[in-house]
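For reference, the chains in residue letters:
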Amino acid sequence: MAENVSTKVITGKVRFSYAHVFEPVAMAEGQEAKYQVSLIIPKSDLKTLEKIEKAIEAAKVVGKDKISKNGKLMPGLKMPLRDGDEDRPDNPEYADSMFINCSSKLKPGIVDKDLNPIMSQDEFYSGCYGRASINFYAFNNAGNRGIACGLNNLQKLADGEPLAGGASAEEDFGGSNAFADEDPMA
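Residues numbered from 1 in each chain as written. Predicted model: local features only at pLDDT ≥ 70, side-chain atom pairs only at ≥ 80, totals over all residues. Heavy atoms only, no water.

Let's shift gears to the pairing of strand β3 (residues 34-42). Of all nine residues in β3, seven are buried; the element is thus mostly enclosed. In this structure, strand β2 (residues 14-25) lies alongside β3, joined through five bridges in antiparallel fashion. Looking across to β3, one finds that H20 is bridged to Q36. Here β3 runs beside strand β7 (residues 97-104); their pairing, made up of eight bridges, is antiparallel. (Buried < 20%, exposed > 50% of the residue type's maximum accessible area, 1.4 Å probe, protein only. Helix = DSSP H or I, 4+ residues; strand = E, 2+ residues; numbered from the N terminus. Pairing = 2+ DSSP bridges.)

Here it is, written out as structure tokens:
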């Protein structure tokens, strides 16, 4: 029964994308700045996906006054769990994965695998792997209705290929891009 299921989930190992967790950002003009991250969840992580689906159902029950009319869920509800193969086909890191965009007005706690605080954006970035503490809730705002995902805390478990794109300074100025025979000051 959904009433006995929490709306809070601690995920299994996910990949973090679009990580804005050190400073809040507004995704569009006029929107409130929030801390945000996208969680990329492998479709093979059935345990995490099941916990998320149960928490979404629990959020529907808890928030039924916001998203139902005459005892029935309103049509066209927005749901937070999305399919990376369908919604992000041009992003290979989303292949064979589900994803959830999470946000919070409050800065999330960020720790490493030994629970030591992470304070540097160089240490926690889009592309690293870890776990997230998230919660689901119903919303009804200016005609938009559905279930959203709140961001609580993050734990980094492993490094990964950064997703920010672009080359590092070492890549730009070292190796085959170095002009050993040219004077950079000339």
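Past the structure itself, the notes keep going.
The subject of this paragraph is helix α1 (residues 46-62). Spanning 17 residues, α1 covers 24 Å between terminal C-alpha atoms, matching the ideal 24 Å at 1.5 Å per step. Every buried residue belonging to α1 is among T48, L49, I52, A55, I56, A58, A59 and K60, and all of these are buried. (Expected span 1.5 Å × (residues − 1).)

Moving on to the pairing of β7. Burial runs high along β7: seven of the eight residues are buried. Sheet analysis places strand β6 (residues 82-83) next to β7, joined by two bridges and oriented antiparallel. Residue pairing for β7: D83 is matched across the bridge by M98.

Counting residues in each nonpolar core, the largest one holds 33 residues, and the members touching the most others are F16, I100, F124, I134, F136 and L154. Counting only elements with at least two residues in this core, the list comes to β2, β3, α1, β7, β9 (129-141) and β10 (144-158). Considering each element in turn, this core owes the most residues, five residues, to α1. When neighbours within four sequence positions are excluded, L154 is seen to be in contact with F16, V21, V37, P108, G109, I110, V111, F124, R131 and A132. (Core = buried A, V, L, I, M, F, W, Y, C linked by side-chain atoms within 4.5 Å. Contact = heavy atoms within 4.5 Å.)

With respect to the element layout, R15 can be found in strand β2. One buried charged residue, R15, remains without a salt bridge, the closest side chain of opposite sign being E93 at 5.6 Å. Separated by 3.0 Å, the side chain of R15 and the backbone oxygen of G127 make a polar contact. Setting aside its immediate chain neighbours within four residues, R15 contacts S38, L39, I40, E93, G127, C128, Y129, G160, E161 and L163. (Lys, Arg positive; Asp, Glu negative; His and termini not counted. Salt bridge = Lys/Arg side-chain N within 4 Å of Asp/Glu carboxyl O. Polar contact = N/O pair within 3.5 Å; in protein donor to acceptor, adjacent residues only side chain to side chain.)

By the secondary structure assignment, E57 is in helix α1. Spatially, the C-alpha atom of E57 lies 9.5 Å from that of S6, the residues being 51 residues apart in sequence.

Another aspect to go through is the packing of aromatic side chains. One pass over the structure, following the stated rule, counts two aromatic pairs. Residue placement shows K13 over the ring face of Y129; its charged tip is 5.3 Å from the ring centre. In this structure, R88 packs its charged tip against the face of Y94, placed 4.9 Å from the ring centre. (Phe/Tyr/Trp six-rings, centres within 6.5 Å; stacked < 30°, edge-to-face > 60°. Lys NZ or Arg CZ within 6 Å of the ring centre and 35° of its normal.)

Moving on, we come to unusual backbone geometry. Only a minority of non-glycine residues have a phi that is not negative, and only a minority of peptide bonds are not trans. Look at D96: it is not a glycine, yet its phi comes out positive at around 55°. Residue position: D96 is located in the loop between α3 (84-87) and β7. The backbone phi angle of L115 is positive, close to 70°, even though this residue is not glycine. Mapped onto the elements, L115 comes out in the loop between β8 (109-111) and β9.

Keep in mind that these numbers describe shape and distance, not what the molecule does.
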